[in-house]
2 protein chains.
Amino acid sequence: MPADEDDATQPPGPTRPGAAHPGLTRDALARAALRVLEREGLAGLSMRKVAAEVGVKAASLYWHVRNKEELLDLLNDALMADAEAPPRTGDWRTQLRGYCRRYRAHLLAKRDAAKVVAGRLAPGPHLLRLMEDQLDRLREAGFSPADSAMISYLLGAYVQGFVLQEQSPMAAAETTGAGRREVADAAAERFRTLPAAEFPNLVAMADDLTGPDLDARFDFGLDRILDGLAALLPPDRR
Amino acid sequence: MPADEDDATQPPGPTRPGAAHPGLTRDALARAALRVLEREGLAGLSMRKVAAEVGVKAASLYWHVRNKEELLDLLNDALMADAEAPPRTGDWRTQLRGYCRRYRAHLLAKRDAAKVVAGRLAPGPHLLRLMEDQLDRLREAGFSPADSAMISYLLGAYVQGFVLQEQSPMAAAETTGAGRREVADAAAERFRTLPAAEFPNLVAMADDLTGPDLDARFDFGLDRILDGLAALLPPDRR
DNA sequence: ACCTGAACACCGTTCAAGT
DNA sequence: ACCTGAACACCGTTCAAGT
């Protein structure tokens with residue numbers, strides 16, 4: 001995923017005040033929001049800062065967008081703009097695994113992406129494209145239309161839920177200056193020092209609970225789900 | 001889940017200004033935050049409103065709590081205060097299903113609960129109690145310590161991800177005045193009217209994608225996961 | 001020990017007014 | 001058609017001052 005800075009389609013240089021900004025489309029707004037998100041996180045993403053990013057005052061945004069919610073919808077779609085489907089090779093399991101791993105990696109790559117994506121009902125055009133492709137592969141693998149629709153929803157919930165859980169605490173922890181390892185160690189220590197009479201399992205399994213890194217956890221869950229999906233197919237297509 | 005209003009352990013009646021508020025513990029603060037959340041949603045939960053709820057000014061809260069983040073940690077735990085584990089009867093599948101269904105129902109019952117819970121790393125004492133119990137049942141079912149730890153995390157991510165996805169759009173939709181049925185119908189219409197050449201599957205499967213209600217979708221995903229987990233056990237314990 | 005007033009640096013949004 | 005200044009009703013947080 002290269003090319004972040006200026007899109008170079010239109011030089012966004014400042015214009016004389018009061019004048020229309022030629023490049024100020026909803027699309028440019030979305031990309032500006034993306035840059036602010038990367039720099040300041042979702043908590044720091046304000047209408048005022050996005051406006052400044054495009055060289056305009058906050059009130060002007062309301063000409064292009066109904067409110068902040070709508071800007072977040074735009075951002076949501078922009079976040080998916082450079083997501084790519086996995087190669088159409090291998091069996092359905094490897095393709096589906098590729099989908100989920102890429103989706104996770106894609107969300108992890110942009111700051112607070114999971115938080116932005118999580119609560120938004122309407123899939124933008126870019127996500128629609130991916131859904132269409134994924135459904136196509138599910139049908140081809142032999143899943144019924146009804147099952148395919150359910151599976152698509154299930155995988156989306158899993159990946160988003162997982163990334164949300166790994167992304168926000170990490171962001172919070174890194175704010176306090178600690179790295180991934182330190183956070184895990186502190187969590188293990190917390191479990192280990194719990195009263196053993198009341199929490200025998202948490203104490204005994206402190207390392208199991210905090211040791212495995214998140215890649216391993218993600219793949220574990222994903223493989224369990226894929227195993228479960230296989231059971232829906234006739235035996236000769238598993 | 002009854003008994004919401006005043007906990008009645010301490011009458012929170014107003015005191016003379018400047019005087020200490022006897023009932024103003026961190027616990028009382030958490031319960032006040034819970035009431036504000038129920039009334040105003042997470043977006044409307046401000047330090048000022050929580051302070052008013054306990055009859056105090058905003059600045060006073062900083063005596064009891066480092067910042068808003070810490071208040072949200074308290075709220076997070078308060079949200080889990082009256083969660084109950086399912087009965088310890090039936091095989092591991094029904095117990096685990098009970099766990100996930102109850103967790104979902106519990107999150108759905110409180111406004112914006114999934115959003116509060118989602119990004120918080122440190123499980124509060126109430127959640128710890130549930131984790132301990134769940135791990136115990138997993139071990140008893142025959143899962144290894146390592147697998148049990150992974151499974152606990154997997155189920156948590158699934159339920160939270162799922163509820164987050166169903167709760168926030170619904171809240172947004174209901175703000176605009178529409179009910180569940182109308183939202184689903186509008187989504188189906190959106191899929192159905194997409195260009196059929198580019199999105200053949202979305203168009204054809206519009207009803208499958210939007211028809212099943214969320215209870216059905218949740219159970220579908222849950223059963224797939226449970227199927228997948230079964231494969232980890234020796235054949236005689238499935 | 002605990003609460004307050006006042007202040008600071010922010011928010012999202014509206015609207016009459018500009019060009 | 002698009003941008004702006006000014007205003008409104010809010011935020012979280014700090015801190016000297018009160019009791």
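Everything discussed here concerns the structure shown above.
Just so you know, these numbers come straight off a predicted model, no measurement behind them.

Trainee: Looking at this structure, I do not really get the pattern of salt bridges. What am I missing?
Mentor: Once their charged atoms are close, side chains differing in charge can pair, the charge on each being opposite to the other. Under the criterion given, the structure shown has 42 salt bridges over all chains. As a salt-bridge pair, Arg93 of chain A and Asp227 of chain A come within 2.9 Å of each other at their nearest N and O atoms. Of the two residues, Arg93 of chain A is situated in helix α5 (residues 92–109) and Asp227 of chain A in helix α12 (residues 214–230); the sequence distance between them amounts to 134 residues. Judged by relative accessible area, Arg93 of chain A falls into the buried class, the value being 16%. Linking Arg192 of chain B and Glu189 of chain B is a salt bridge whose minimum nitrogen-to-oxygen distance equals 3.0 Å. With Arg192 of chain B and Glu189 of chain B both in helix α9 (residues 180–192), this residue pair falls 3 residues apart, about one helical turn. For Glu189 of chain B, a relative accessible area of 42% corresponds to the partly exposed category. Three or more residues are tied together by salt bridges with common partners; here these are Arg35, Arg39, Glu40, Lys49 and Glu53 of chain A.

Trainee: Quick question: what am I supposed to make of unusual backbone geometry here?
Mentor: Residues apart from glycine generally show negative phi values, whereas peptide bonds are mostly found in trans. For Asp112 of chain A, which is not a glycine, the phi torsion comes out positive at approximately 60 degrees. With respect to the helices, strands and loops of the structure, Asp112 of chain A is situated in the loop between α5 and α6 (113–118).

Trainee: Looking at this structure, I do not really get the protein's contact with DNA strand D. What am I missing?
Mentor: Around DNA strand D, 21 residues are found, and the nearest of them are Lys57 and His64 of chain A together with Arg48, Tyr62 and Lys68 of chain B. Those atoms of DNA strand D that come within 4 Å of the protein belong to sugar or phosphate at a rate of 63%. Between a phosphate oxygen of DNA strand D and a side-chain N or O atom of Ser60 of chain A, the distance comes to 2.9 Å. Trp63 of chain A has a polar side-chain atom sitting 3.2 Å from a phosphate oxygen of DNA strand D. For the surface near DNA strand D, the secondary-structure elements that each account for two or more residues are α3 (58–64) of chain A together with α2 (47–53) and α3 (58–64) of chain B. When residues of the surface near DNA strand D are assigned to their parent elements, the largest contribution, 4 residues, is made by α3 of chain A. In the surface near DNA strand D, the residues fall into 10 nonpolar, 6 polar and 5 charged.

Trainee: Explanation requested: the interface of chain B and chain A in the structure shown.
Mentor: At the junction of the two partners, chain B supplies 56 residues and chain A supplies 56 residues. Counting the surface lost from both chain B and chain A, the interface buries some 4,800 Å², and carbon and sulfur atoms represent 73% of this. Scanning the region where chain B abuts chain A turns up 0 salt bridges. Between the two partners, chain B and chain A, sit 8 residue pairs in polar contact (both at pLDDT 80 or more). Listing elements by their share of the side of chain B that touches chain A, those giving two or more residues are α7 (125–141), α8 (145–175), α9, α10 (200–204), α11 (206–210) and α12 (214–230) of chain B. When residues of the side of chain B that touches chain A are assigned to their parent elements, the largest contribution, 19 residues, is made by α8 of chain B. In terms of residue class, the side of chain B that touches chain A is built from 35 nonpolar, 10 polar and 11 charged.

Trainee: Quick question: what am I supposed to make of helix α7 (residues 125–141) of chain A here?
Mentor: Each full turn of the α-helix corresponds to 3.6 residues, which orients residues three or four apart in the same direction. Residues and elements named next belong to chain A. Between the first and last C-alpha of α7 there are 25 Å, a value that for 17 residues agrees with the 24 Å anticipated at 1.5 Å per step. By the burial criterion, the buried members of α7 are Leu128, Leu130, Met131, Glu132, Asp133, Gln134, Leu135, Arg137, Leu138 and Ala141. Residue Gly142 follows α7 closely and has a positive phi angle near 110 degrees.

Trainee: Explanation requested: the relation of the copies chain B and chain A in the structure shown.
Mentor: To go from the first copy of the chain to the second, apply a rotation about an axis and then a shift along the same axis. With an axial shift of 0.0 Å and an RMSD of 0.0 Å, the rotation relating chain B to chain A amounts to 180 degrees. The superposition of one copy onto the other is thereby described by a two-fold rotation axis. Looking at the interface residues of chain B, 100% of them are also at the interface in chain A, so both copies use one shared face.

Scoring rules and cut-offs
Residues numbered from 1 in each chain as written. Chains lettered and ligands numbered in written order. Predicted model: local features only at pLDDT ≥ 70, side-chain atom pairs only at ≥ 80, totals over all residues. Heavy atoms only, no water. Salt bridge = Lys/Arg side-chain N within 4 Å of Asp/Glu carboxyl O. Helix = DSSP H or I, 4+ residues; strand = E, 2+ residues; numbered from the N terminus. Buried < 20%, exposed > 50% of the residue type's maximum accessible area, 1.4 Å probe, protein only. Near = heavy atom within 4 Å. Polar contact = N/O pair within 3.5 Å; in protein donor to acceptor, adjacent residues only side chain to side chain. Nonpolar A, V, L, I, M, F, W, Y, C, P; charged D, E, K, R; others polar. Contact = heavy atoms within 4.5 Å. Buried area = accessible area lost by both parts, 1.4 Å probe. Expected span 1.5 Å × (residues − 1). Least-squares fit on C-alpha atoms with pLDDT ≥ 70 in both.

By themselves, these observations are geometric and do not establish any function.
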